[in-house]
Amino acid sequence: MSVDILPLELSFTRPFTSEVSRTLTIRNTSSAPLAFKVKTTAPKQYCVRPNAGRIEPGCSFDVTVLLQAMKQDPPPDAKCRDKFLVQCAPIRPDQDFASIASVLESVDKSLLTERKIRVHWLSPDGEATQGAGAPTTSLSTTPSKASAVNGANETPDAPRTFSSPSAGHANSTPSSAPPPYASDDGAEEDYANANANAAANAKSAVSQAAAAVTETAQLTYEELKTKLGQAEAQLLNLKDGGLRQRNVKAASSDEKKPAGQTTQAVKQRPDGVPVQIVALLCLLSFLLAYFFF
């Protein structure tokens, strides 16, 4: 199987605070349809559209590789260690409706073509830096040290894993899942204790308020009982005084009138309501008005 991939290396020119795109051309020079897939060692940093597809015999396909915007440019002497891997495999007649992934997974390893493409970062003048104090040459392909952004804490000979980059929107930014929140048992226990203390304080306050209200009601009842006793005593005094005056007047009138007239006057005296009943009714009315109104 014959396939041509151009360019052999991808070069991105600074600044990287904005998106930078390059085009990767894959040409099928064989007589069978070709399935391809593009992978990279930094899938969160690049967006490839499309990252897989089908190329008819004698046709070429353009793949857009987008370096997504960074928050700030890496240091001038930083070397990029990103790589791309292009996998190509012929499509058999019975695989016309099969997916690209199934074609690449089921193909014989001898028919699978893989091409690695290096990535370079260029300065605005189109030259690649090789580190502080070193002369600059165009498109240096030998990585010197770990990059501050891509491949940090990594030795030059360490193998890197290729993954399928995102084929979504060009303006999509790399996303990372937030770390799970760890539970704080001490804080939960303190919170429970605080709630228990607050509940106990509330119950204590309610009990104290109820006791104060009960004490006040008892004092008020005792004062009311005392005042009612004094009122009853005054009524009794008034009653006794009135009876004495009536008895005195009746005696004086009886002395002046004949015996028959006295008896008749006593019989004609109207029967009134006793003072004790009046006092009890007044007391009962006062208590009902006090407790219910």
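Please read all numbers here as calculations on a predicted model, not as lab measurements. (Residues numbered from 1 in each chain as written. Predicted model: local features only at pLDDT ≥ 70, side-chain atom pairs only at ≥ 80, totals over all residues. Heavy atoms only, no water.)

1. Concerning the overall build of the chain
Of regular secondary structure, the chain possesses 4 helices and 9 strands. Mapped from its N terminus to its C terminus, the chain presents α and β elements in the order β-β-β-β-β-β-β-β-α-β-α-α-α. Looking at the chain as a whole, 26% of its 293 residues qualify as buried. For the chain, the computed accessible surface area is about 19400 Å², with 57% contributed by carbon and sulfur atoms. (Helix = DSSP H or I, 4+ residues; strand = E, 2+ residues; numbered from the N terminus. Buried < 20%, exposed > 50% of the residue type's maximum accessible area, 1.4 Å probe, protein only. Areas by Shrake-Rupley, 256 points an atom, 1.4 Å probe, with all protein chains shown as cover.)

2. Concerning the sheet that holds strand S3 (residues 20-28)
Taken together, 4 strands build an open sheet; the order of strands is S1-S3-S7-S5 and the sheet is antiparallel. Lying at the two open borders of the sheet, with one neighbouring strand each, are strand S1 (3-6) and strand S5 (46-49). Strand-to-strand twist in this sheet, taken as the mean axis angle between neighbours without regard to direction, amounts to 20°. As judged from the 4 bridges shared by S5 and strand S7 (residues 60-67), these two strands associate in the antiparallel manner. Bridge pairing in S7 links Arg49 to Thr64. (Pairing = 2+ DSSP bridges. Axes fitted to C-alpha atoms, helices over the stretch in contact; angles between N-to-C directions.)

3. Some remarks on the UniProt feature "transmembrane region" (unreviewed entry) in the chain
Per the UniProt record, the feature "transmembrane region" (unreviewed entry) sits at residues 273-292. Between the C-alpha atoms that bound residues 273-292 the distance is 27 Å, and the span itself is 90% helix and 0% strand. (UniProt positions renumbered as here; feature names shortened; annotations may be inferred.)

4. Some remarks on unusual backbone geometry
In this model, Leu6 is joined to Pro7 through a cis peptide bond whose omega is -5°. In this structure, Pro7 sits in the loop between S1 and strand S2 (9-13). Following Arg14, the chain continues to Pro15 via a peptide bond in cis, the omega torsion being 5°.

5. What about the environment of Ala42?
By secondary structure assignment, the location of Ala42 is in the loop between strand S4 (34-40) and S5. Residue Ala42 is classed as buried on the basis of its relative accessible area, which comes to 10%. Between the C-alpha atom of Ala42 and that of Phe162, which follows or precedes it by 120 residues, the distance is 7.7 Å.

6. Description of the nonpolar core
Ranked by size, the top nonpolar core spans 27 residues in total, and within it Phe12, Ile26, Tyr46, Phe84 and Trp121 carry the most contacts. Dropping the residues within four chain positions of it, Phe84 is found in contact with Leu10, Val38, Lys39, Thr40, Tyr46, Val48, Val65, Arg115, Lys116, Ile117, Val119 and Phe162. (Core = buried A, V, L, I, M, F, W, Y, C linked by side-chain atoms within 4.5 Å. Contact = heavy atoms within 4.5 Å.)

7. Some points on the pattern of salt bridges
The tally for this structure, following the rule as stated, stands at 3 salt bridges. For the salt bridge of Arg54 with Asp96, the shortest nitrogen-to-oxygen distance reads 3.9 Å. With a gap of 42 residues between them, Arg54 in strand S6 (residues 52-55) and Asp96 in the loop between strand S8 (83-90) and helix H1 (100-106) connect regions that are remote in the sequence. Residue classification places Asp96 among the partly exposed positions, given a relative accessible area of 40%. Notably, a salt bridge pairs Asp94 with Arg92, separated by 3.3 Å at the nearest N-O pair. In this structure Asp94 comes out as exposed when scored by relative accessible area, which is 60%. Here the salt bridges do not stand alone but share partners, grouping Arg54, Glu56 and Asp96 into one network. (Salt bridge = Lys/Arg side-chain N within 4 Å of Asp/Glu carboxyl O.)

8. Considerations on the sheet that holds S6
Strand order across the open sheet formed by 5 strands is S2-S9-S8-S4-S6, with mixed pairing between neighbours. The two strands at the open ends of the sheet, each matched to only one other strand, are S2 and S6. Going from strand to strand, the sheet's axes swing by 25° on average, the running direction of each strand aside. As judged from the 7 bridges shared by S4 and S8, these two strands associate in the antiparallel manner. Opposite Thr40, over in S8, you have Phe84 as the bridge partner.

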